[in-house]
Amino acid sequence: MGSVAISLKNFKVSNQGFTLEIPTLELNKGKSIAICGANGSGKTTLLLALAGFVSFEGTYRLLERDFRELKRDELARLTAYLPQESRLSLGFDVFYTVLTGRYPLTRGRGYRKEDELATNRLLKRLDLLKFKDRSFLNLSGGEKKRVLLARTLNKEAPIVLLDEPFSELDLFYKMEFLKIFEEFKRSQGTTFVCVIHEVELALSYFDLVLYLQNGKVKILKPPHLIEEKELSCVNSIKVKLFKIRNYEPFAFYLPVPDKKFDSA
Amino acid sequence: MKKQLLLLFFVFLVSFFLAIDKGAVSVNIFHLTPLQRDILLSVRIPRVILAAGVGACLVVAGILFQYVLQNPLADSFTTGASSCAALGAVVALVIGLRFMIFPFALIFSLLGLLVVYKISSVKGKVIPITVLLAGIVLSTFSSASISLIKFVAQDSITSIVFWLMGGFQNATPFQDLLVFLILFVVVFRLSQLFPAIDIISFDDFTAISSGVDVYRLRKELMFYGALLTAVSVAFSGVIGFVGLIVPHILRLLKLIKARQIVFCGVLAGASFMIIADLLSRVLLSSGEELPVGVLTSTIGGGFFLYLLIQRKKSIDQWEV
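Source: prediction; values computed, not measured.

Conventions we followed
Residues numbered from 1 in each chain as written. Chains lettered and ligands numbered in written order. Predicted model: local features only at pLDDT ≥ 70, side-chain atom pairs only at ≥ 80, totals over all residues. Helix = DSSP H or I, 4+ residues; strand = E, 2+ residues; numbered from the N terminus. Rg over C-alpha atoms; globule rule 2.2 N^0.38 Å. Buried ≥ 20, exposed ≤ 12 C-beta atoms within 10 Å, placed from the backbone. Contact = placed C-beta atoms within 7 Å. Pairing = 2+ DSSP bridges. Nonpolar A, V, L, I, M, F, W, Y, C, P; charged D, E, K, R; others polar. Axes fitted to C-alpha atoms, helices over the stretch in contact; angles between N-to-C directions. Parallel < 35°, antiparallel > 145°, perpendicular 65-115°, else oblique. Left-handed = near helix turned anticlockwise from the far one by under 90°. Core = buried A, V, L, I, M, F, W, Y, C linked by C-beta atoms within 7 Å. pLDDT = per-residue confidence, 0-100. Expected span 1.5 Å × (residues − 1).

Chemist: Which residues make up the overall build of chain B, and what are the values?
Modeler: Helix and strand counts for chain B stand at 13 helices and 2 strands. Here the C-alpha atoms of chain B give a radius of gyration of 19 Å, agreeing with the 20 Å that 2.2 N^0.38 yields for 320 residues. C-alpha atoms of chain B, sized along the principal axes, occupy 65 × 55 × 35 Å. Relative to its 320 residues, chain B shows a buried fraction of 50%. For chain B, the share of sequence-separated contacts (at least 6 apart) that also reach a separation of at least 24 residues comes to 76%.

Chemist: Provide a residue-level description of the overall build of chain A, including the pertinent values.
Modeler: Looking only at helices and strands, chain A has 10 helices and 12 strands in total. A globule of 264 residues ought to have a C-alpha radius of gyration of about 18 Å, and chain A, at 19 Å, matches this closely. Out of the 264 residues in chain A, the part that is buried amounts to 40%. The contacts in chain A between residues at least 6 apart in sequence include a share of 67% that link residues at least 24 apart.

Chemist: Quick rundown of the pairing of strand 9 (residues 208-213) of chain A? Include the residues and the values.
Modeler: Residue and element names in this part refer to chain A. Relative to strand 9, strand 3 (residues 32-37) is paired through 5 bridges, and the arrangement is parallel. In the sheet register, Cys-36 faces strand 9, and the bridge partner there is Tyr-211. Taken together, strand 9 and the strand that follows it, strand 10 (residues 216-221), pair antiparallel across an intervening segment of 2 residues, in which Asn-214 is found at a positive phi of about 50°.

Chemist: Just give me the short version of the interface of chain B and chain A, but keep the residues and values in it.
Modeler: Facing 21 residues of chain B, the contacting portion of chain A comprises 25 residues. Of all the secondary structure elements, the ones that give two or more residues to the side of chain B that touches chain A are helix 7 (173-199) and helix 8 (204-209) of chain B. Classifying every residue of the side of chain B that touches chain A by side-chain character gives 8 nonpolar, 7 polar and 6 charged.

Chemist: Any chance you could break down the packing of helix 2 (residues 34-69) of chain B against helix 7 of chain B for me, citing the residues and the numbers?
Modeler: Residue and element names in this part refer to chain B. Axis separation between helix 2 and helix 7 bottoms out at 9 Å; the angle between their running directions is 30°. Judged on the interaxial angle alone, helix 7 and helix 2 are roughly parallel. In this structure, the crossing between helix 2 and helix 7 has a hand that is left-handed. Along the contact surface, helix 2 presents Pro-46, Ile-49, Leu-50, Gly-53, Val-54, Ala-56, Cys-57, Val-60 and Tyr-67, while helix 7 presents Pro-173, Gln-175, Asp-176, Val-179, Phe-180, Leu-183, Val-186, Val-187 and Ile-197. Its residues assigned to classes, the contact of helix 2 with helix 7 shows 15 nonpolar, 2 polar and 1 charged.

Chemist: Tell me about the sheet that holds strand 1 (residues 4-15) of chain A, residues and numbers included.
Modeler: Spatial ordering of the open sheet is given by 2-1-4-5 (chain A), a layout of 4 strands whose pairing is antiparallel. Of all strands in the sheet, those bounded by a partner on one side alone are strand 2 (18-28) and strand 5 (65-66) of chain A.

Chemist: Please set out unusual backbone geometry residue by residue, giving values where relevant.
Modeler: Excluding glycine, a negative phi dihedral is what most residues carry, and trans is how most peptide bonds are arranged. You will see that Leu-63 of chain A, though not glycine, has its phi angle at about 50°, which is positive. Within the element layout of this structure, Leu-63 of chain A appears in the loop between strand 4 (57-62) and strand 5. Take Leu-63 of chain A: there are 19 C-beta atoms within 10 Å of it, and that puts it in the partly exposed class. Of note in the backbone geometry, Gln-70 of chain B takes a positive phi value of approximately 55° without being a glycine. Inspection of the secondary structure assignment puts Gln-70 of chain B in the loop between helix 2 and helix 3 (81-94).

Chemist: Lay out the sheet that holds strand 3 of chain A with the relevant residues and their values.
Modeler: Note on sheets: strands pair through backbone hydrogen bonds, and any given pair is parallel or antiparallel. All names here are of chain A. If you trace the 6 strands from one edge of the open sheet to the other, you get 6-7-8-3-9-10, paired in mixed fashion. Lying at the two open borders of the sheet, with one neighbouring strand each, are strand 6 (79-82) and strand 10. Within the sheet, the average angular offset between the axes of one strand and its neighbour, ignoring direction, is 15°. Bridge count for strand 9 against strand 10 is 5 bridges, and the pairing is antiparallel. Bridge assignment links Leu-210 to a residue of strand 10, and that residue is Leu-220. Sitting on the sheet, helix 1 (residues 43-50) touches strand 3, strand 7 (159-163), strand 8 (191-195) and strand 9, and the angle it makes with strand 8 is about 145°.

Chemist: Just give me the short version of the nonpolar core, but keep the residues and values in it.
Modeler: Ile-35 of chain A together with Val-60, Ala-89 and Ala-105 of chain B are the most contacted members of the largest nonpolar core, which totals 169 residues. The biggest single contributor to this core is helix 2 of chain B, with 18 residues. If sequence neighbours within four positions are ignored, Ile-35 of chain A has contacts with Lys-43, Leu-46, Leu-47, Val-193, Cys-194, Val-195, Ile-196, Leu-210 and Leu-212 of chain A.

Chemist: Let's hear about helix 1 of chain A: which residues, and what values?
Modeler: Helical geometry: 3.6 residues make up each α-helical turn, so side chains three or four residues apart lie on a common side. Residues and elements named next belong to chain A. Of all 8 residues in helix 1, 7 are buried; the element is thus mostly enclosed. For helix 1, the full list of buried residues reads Lys-43, Thr-45, Leu-46, Leu-47, Leu-48, Ala-49 and Leu-50. Structurally, helix 1 contributes buried residues whose contacts are with strand 1, strand 2, strand 3, strand 7, strand 8 and strand 9. Immediately downstream of helix 1, the backbone of Gly-52 shows phi near 90°, a positive value.

Chemist: Describe the confidence of the model for chain B, with residues and values.
Modeler: All names here are of chain B. In this model, chain B carries an average pLDDT of 86, and 94% of its residues clear a pLDDT of 70 or more. At the level of individual helices and strands, chain B shows its lowest average pLDDT in helix 13 (residues 311-314), which scores 56, and its highest in helix 7, which scores 95. In the model output, the complex is listed with pTM 0.89 alongside ipTM 0.89.

Chemist: Give me the lowdown on the packing of helix 10 (residues 242-252) of chain B against helix 12 (residues 292-309) of chain B, citing residues and values where you can.
Modeler: All names here are of chain B. Where helix 10 meets helix 12, the closest approach of the two axes is 9 Å, and the angle between their N-to-C directions is 55°. Between helix 10 and helix 12, the angle is such that the two are oblique. Along this stretch, helix 10 crosses helix 12, giving a crossing that reads as left-handed. Packed against helix 10, whose contacting residues are Val-242, Leu-244, Ile-245 and His-248, the element helix 12 presents Thr-296, Gly-300, Phe-303, Phe-304 and Leu-307 at the interface. Classifying every residue of the contact of helix 10 with helix 12 gives 6 nonpolar, 3 polar and no charged.

Chemist: If you had to explain the environment of Val-59 of chain B to someone new, which residues and values would you point to?
Modeler: Residue and element names in this part refer to chain B. Checked against the element boundaries, Val-59 lands in helix 2. Since 31 C-beta atoms lie within 10 Å of it, Val-59 is described here as buried. Along the chain, Val-59 and Arg-259 lie 200 residues apart, while their C-alpha atoms are 14 Å from each other. Residues contacting Val-59, with those up to four places away along its chain left out, are Val-242, Gly-243, Val-246, Pro-247, Gly-265, Val-266, Ala-268 and Gly-269.

Chemist: Hey, could you go over helix 9 (residues 214-236) of chain B for me, with residue numbers and the actual values?
Modeler: For helix 9 of chain B, spanning 23 residues, the distance from its first C-alpha to its last is 33 Å, which sits close to the expected 33 Å at 1.5 Å a residue. Once helix 9 of chain B ends, the next one or two residues include Gly-237 of chain B, with phi positive near 75°.

Chemist: Give me the environment of Val-115 of chain B: which residues, what numbers.
Modeler: Residue and element names in this part refer to chain B. As for its placement among the helices and strands, Val-115 is situated in helix 4 (residues 101-120). The partly exposed category is assigned to Val-115, around which 17 C-beta atoms lie within 10 Å. Counting along the chain gives 100 residues from Val-115 to Tyr-215, while the straight-line C-alpha distance between them is 16 Å.

This is the structure:
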């Protein structure tokens with residue numbers, strides 16, 4: 001097995017007059033990429049296409065195999081996908097909700113002892129063990145998101161696709177999950193593709209940052225090479241970027257009001 | 001779950017023997033006269049077995065519709081599947097194909113469900129409230145068609161009316177056998193699908209990326225729901241709301257996963273219907289029988305109202 005997790009060439013998705021184009025993208029195993037951009041810039045479309053929900057033109061290779069040749073059940077084992085608005089309409093207990101993430105690993109033969117052990121381990125690591133028996137529907141928005149994230153990670157898929165995983169989490173759990181992503185990257189070589197609005201997290205904790213604008217690639221580079229100017233440009237607001245010496249890669253940014261805004 | 005199953009099995013046994021013992025003619029199982037033996041073997045036992053089988057079928061059908069349509073208010077009755085099956089059965093009666101009642105009921109309920117599903121889904125997503133509206137429209141349409149048929153076909157009206165009243169009084173061992181055969185085959189198949197069935201209560205993207213072929217599974221479950229509904233309607237007429245009440249109570253008892261609710265639903269549905277049938281036999285002191293469908297619909301209608309009023313509480317168990 002080679003080391004390339006995702007490779008795109010002349011990748012194009014057309015959907016109701018909207019076109020997303022990515023000339024070339026290569027992501028190695030055990031790395032993470034943050035997909036950023038304004039609302040409607042094509043982030044979710046890209047993730048949907050990578051997960052196989054939207055058809056595409058061009059070349060898409062997943063773990064060095066042609067994506068079009070993958071069968072649905074193979075794909076379900078190789079990728080884990082968390083949609084932006086994931087829902088569960090029945091009040092399963094948290095343990096079972098997370099356990100169902102391992103369904104593709106059982107090949108339809110029912111959950112095994114090892115699935116239960118792995119789920120318990122993960123719940124413990126994620127500090128969710130105390131919720132184990134609570135009904136999913138009685139959890140708060142943030143707690144639900146943590147459970148669904150746990151469910152997604154529980155599959156132990158080599159490629160994890162997450163659509164705004166942090167949107168409902170408090171700062172503590174954002175950092176906690178980033179730490180856990182790092183552990184998965186190191187121990188299992190998991191590759192993360194994350195749509196994310198938190199620019200400071202994208203710049204500090206991801207190996208690669210992709211900025212989309214109207215379906216076009218504006219920035220695609222490691223975060224430490226991104227400059228204040230291009231960041232301001234893609235965000236359509238003036239941005240001040242701070243880098244802390246000896247603490248690389250760590251950056252945070254401040255939106256700076258325009259003059260017009262200032263004088264008003 | 002083992003505790004609940006055992007308890008339900010006990011309830012089932014008690015109601016079964018109670019129902020065999022009580023009725024228009026009281027029998028003592030241990031001291032039978034030849035006449036009592038005849039009543040027991042050729043009337044009462046087939047009747048109680050049919051009631052048990054139909055109760056279990058309707059409850060499992062209700063559970064399946066609730067999973068597919070993601071709505072706690074869905075069952076054979078509210079989705080219109082029952083009334084369509086009834087229309088099919090009446091058509092079979094009118095054209096003189098009495099032995100074709102079951103196939104006709106099945107085809108009509110499948111067609112009805114297809115209509116409901118098409119009307120209430122947008123891009124494969126089912127909109128719960130539209131399901132109920134479409135179900136109401138379909139039920140109304142079917143009842144109107146049945147009335148029209150009754151009006152036009154004056155000759156066969158007695159058999160239609162008699163059949164429409166519903167109930168288990170004409171149960172035969174053949175019907176018992178067919179109902180239980182279908183029930184066992186469906187439940188066995190479901191037992192292989194339990195984890196996948198649970199996963200369709202996630203949104204479609206999550207379910208599909210979990211490796212479940214959501215669209216195919218929904219179709220398969222709809223088919224089983226229609227099959228169970230059709231066999232029940234063909235042999236006992238339209239008996240409403242059982243598939244709604246029993247699963248709801250089971251969910252309140254924290255039996256939520258498919259494996260729990262289907263197995264417990266079979267026993268609970270069987271017991272519920274045996275008791276409803278027993279009540280319909282003994283409630284009127286004059287010795288006449290109350291149609292069992294009237295009984296369940298009265299209880300069920302009240303319960304349905306209660307559900308609508310208590311929506312906030314039911315959100316705990318199922319997000320509407």
